[in-house]
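Fold and geometry: a report
The chain contents come next:
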Amino acid sequence: MHSPSPLHRRAFLGRTSQGLGAVALASLMRPSYAAPVRGVLGSLPLPQKARRVIWLTMAGGPSHLETFDPKPKLAEMDGKPMPESFTKGQQLAQLQGKPLNCFGPQHPFAKFGKNQIEICSLFPQIGSVIDDICLIRSMTTDAINHDPAHMFMNTGSQIAGRPSMGSWITYGLGTDASDLPGFVVLTSLGKGGQNQPIAARQWSSGFLPSKFQGVQLRAQGDPVLYLTNPGGISRDQQGRDVAAINSLNKQRGSLVDDPEIATRIAQYEMAFQMQASVPDLMDVSKEGAKALELYGCTPGDGSFASNCLLARRLAERGTRFIQLYHKDWDHHGGVKDGVALKAQEIDRACMALITDLKQRGMLEETLIVWAGEFGRTPMSQGGSGRDHHNKAMSVWLAGAGIQGGMVHGATDDLGYAAIDKITTVHDLHATMLHQLGINHDAFSFKFQGLDARLSGVEGAKVIKDILA
């Protein structure tokens, strides 16, 4: 029996341009044909209050004592030795073995909203929407240094290589966006100079398929490297190249059944779609003067305010998880001036994001979380700053079935440790998943023989008191 001659590469590529390649190119060129990435979860076990998450990361460790946790007793004890009953045998970062003196709050607090919630007077715009916010004053974390603390907040583990929460969520739920990633990261720099680098592993998919990893969009310059085609290459040509490459990948995938080949195909297609969708996304000049005034931003300025506006635009376009990093919160010295500068950079933008989503009817389906990686000590460092601290921090949530205008939990009189309704990062993750319609205990991935979970195995609990 005569065997057919082997199909040479040039002939194969020629055929794909007319057959399968033409179909693939049509789907690439017309976004309506492109299907959003599906998650592994089918029908959800819980009512889905949140369709998406916008996580506002204040990188560096905001001081709860100059933001959201008033401590008049600490002010009274300013300059006096910290009672040993608070600190004996406790883990400290850079203050270990040094004199520990109380350091009073550096700014006054004021009351806002129907329930007269006290927050630092530097944040009047956040105060104006406090009735939409649930303030948690009893958050704790396990880590006490920046990188492992970011890892813990993002992945539920201090061990590198675990999936980020954005990857977990897009893995479970997929995305509603067909021409943008399901998990997007935006970063902005503060003007105080404490802009430690944030490693890309913070938005890694870890041991989950890599198509669920976060995609960083740069706030200034080209949002994605190599977004534009080189001179002489048209979009039609680029589309034919991608279609041909993916046809080869599909043929290889049918032979070896490697899930990373499917990821490679999806990423090629997504990259091609993003060449058209990202420039439109980033062009905030179309928003109009009122929107830019609300956020207090200038198009292309790379600010936290501009990133908040981009977060709303991503949410409108179906992106499932949007994470903003704003750096420069690491105030080992000069906490008074440092937090004042941070307030100028974030206060109006946070208010605008809540207000904008609410006006558009999107807040009820968008969970906003504001959090750093840890808090700061009530003891002075260098006379004007505060050290890292993991026993007390403040975070807040808004939207998606979260009760507004309330405070959950409390720290002791000096702000050293959470003492009432103590909550953990695992609890925060469990609550986020709950609002997304996911049972955190049952949402796992088999890795190295264990059922790995975002919410850990230590017994996380949904913070039910804050749910509407």
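Heads up: these notes are all about the structure in this document. Along each chain, the written sequence defines residue order, and numbers are assigned to residues from 1. The predicted nature of this model means local features are confined to residues of pLDDT at least 70 and side-chain atom pairs, given and counted, to a pLDDT of 80 or more, with totals for whole chains, interfaces and linings taken over all residues. The side-chain quantities take in all heavy atoms of the structure and omit both hydrogens and water.

**Observations regarding the overall build of the chain**
A tally of helices and strands in the chain yields 13 helices and 17 strands. Expressed as a percentage of its 468 residues, the buried residues of the chain come to 54%. Total accessible area on the chain stands at roughly 20,000 Å², and carbon and sulfur atoms take up 51% of it. Helix and strand definitions follow DSSP, with helices as H or I runs of at least four residues and strands as E runs of at least two, each counted in order from the N terminus. Each residue gets one of three labels from its accessible area relative to the maximum for its type: buried under 20%, exposed over 50%, partly exposed in between, using a 1.4 Å probe on protein chains only. Note on areas: Shrake-Rupley, 1.4 Å probe, and residue coverage restricted to the protein chains presented here.

**Observations regarding helix α6 (residues 146–155)**
With eight of ten residues buried, α6 lies mostly within the body of the structure. Within the span of α6, buried status applies to H146, A149, H150, M151, F152, M153, N154 and T155. Downstream of α6 by a residue or two, G156 has a phi angle that is positive, lying close to 80 degrees.

**Regarding the packing of α6 against helix α13 (residues 425–435)**
Note on geometry: axes are C-alpha line fits, over the in-contact stretch for helices, and angles between N-to-C directions span 0 to 180 degrees. The geometry of α6 relative to α13 is characterised by a closest axis approach of 8 Å and an angle of 30 degrees between their N-to-C directions. As summarised for this structure, α6 and α13 are arranged roughly parallel, according to the angle between their axes. Mapping the contact onto sequence places F152, M153, N154 and T155 in α6 and V425, H426, L428 and H429 in α13. In the contact of α6 with α13, the residues fall into four nonpolar, four polar and no charged. We call two directions roughly parallel when the angle between them is under 35 degrees, roughly antiparallel when it is over 145, roughly perpendicular when it lies between 65 and 115, and oblique otherwise. Note on contacts: a residue pair is in contact if any heavy atoms of the two residues lie within 4.5 Å. Each residue is assigned to one of three groups, with Ala, Val, Leu, Ile, Met, Phe, Trp, Tyr, Cys and Pro labelled nonpolar, Asp, Glu, Lys and Arg labelled charged, and all others, Gly among them, labelled polar.

**Focus: the environment of H429**
With respect to the element layout, H429 can be found in helix α13. It is 9.0 Å that separates the C-alpha atoms of H429 and K461, two residues lying 32 residues apart in sequence. With sequence-adjacent residues up to four places away left out, H429 is seen in contact with W55, F152, M153, N154, T155, G156, M165 and L454.

**Some thoughts on helix α11 (residues 304–316)**
To estimate how far a helix should reach, multiply one less than its number of residues by 1.5 Å. Across its 13 residues, α11 extends 18 Å between first and last C-alpha, which sits within 8% of the 18 Å expected from 1.5 Å per residue. With twelve of its 13 residues buried, α11 lies for the most part within the structure. F304, A305, S306, N307, C308, L309, L310, A311, R312, R313, L314 and A315 are the residues of α11 that are buried. G318 occupies a position one or two residues after α11 and carries a positive phi of about 100 degrees.

**Looking at the packing of α11 against helix α12 (residues 335–359)**
It is at 8 Å that the axes of α11 and α12 come closest, and there the two elements cross at 15 degrees. Taken together, the axis directions place α11 and α12 in an arrangement best described as roughly parallel. Remark: the crossing between α11 and α12 carries right-handed chirality. Facing α11, whose interface residues are F304, A305, C308, L309 and R312, α12 presents E345, I346, A349, C350, L353, D356 and L357. Partitioning the contact of α11 with α12 into residue classes produces nine nonpolar, no polar and three charged. Crossings are assigned a handedness: left-handed for a near helix turned anticlockwise from the far helix by less than a right angle, right-handed for a clockwise turn.

**Thoughts on the side chain of T175**
Within the fold, T175 resides in the loop between α7 (165–173) and β5 (183–188). T175 sits in the buried class, given a relative accessible area of 6%. Beyond its immediate sequence surroundings of up to four residues, T175 is in contact with P36, V37, G182, G318, T319 and R320.

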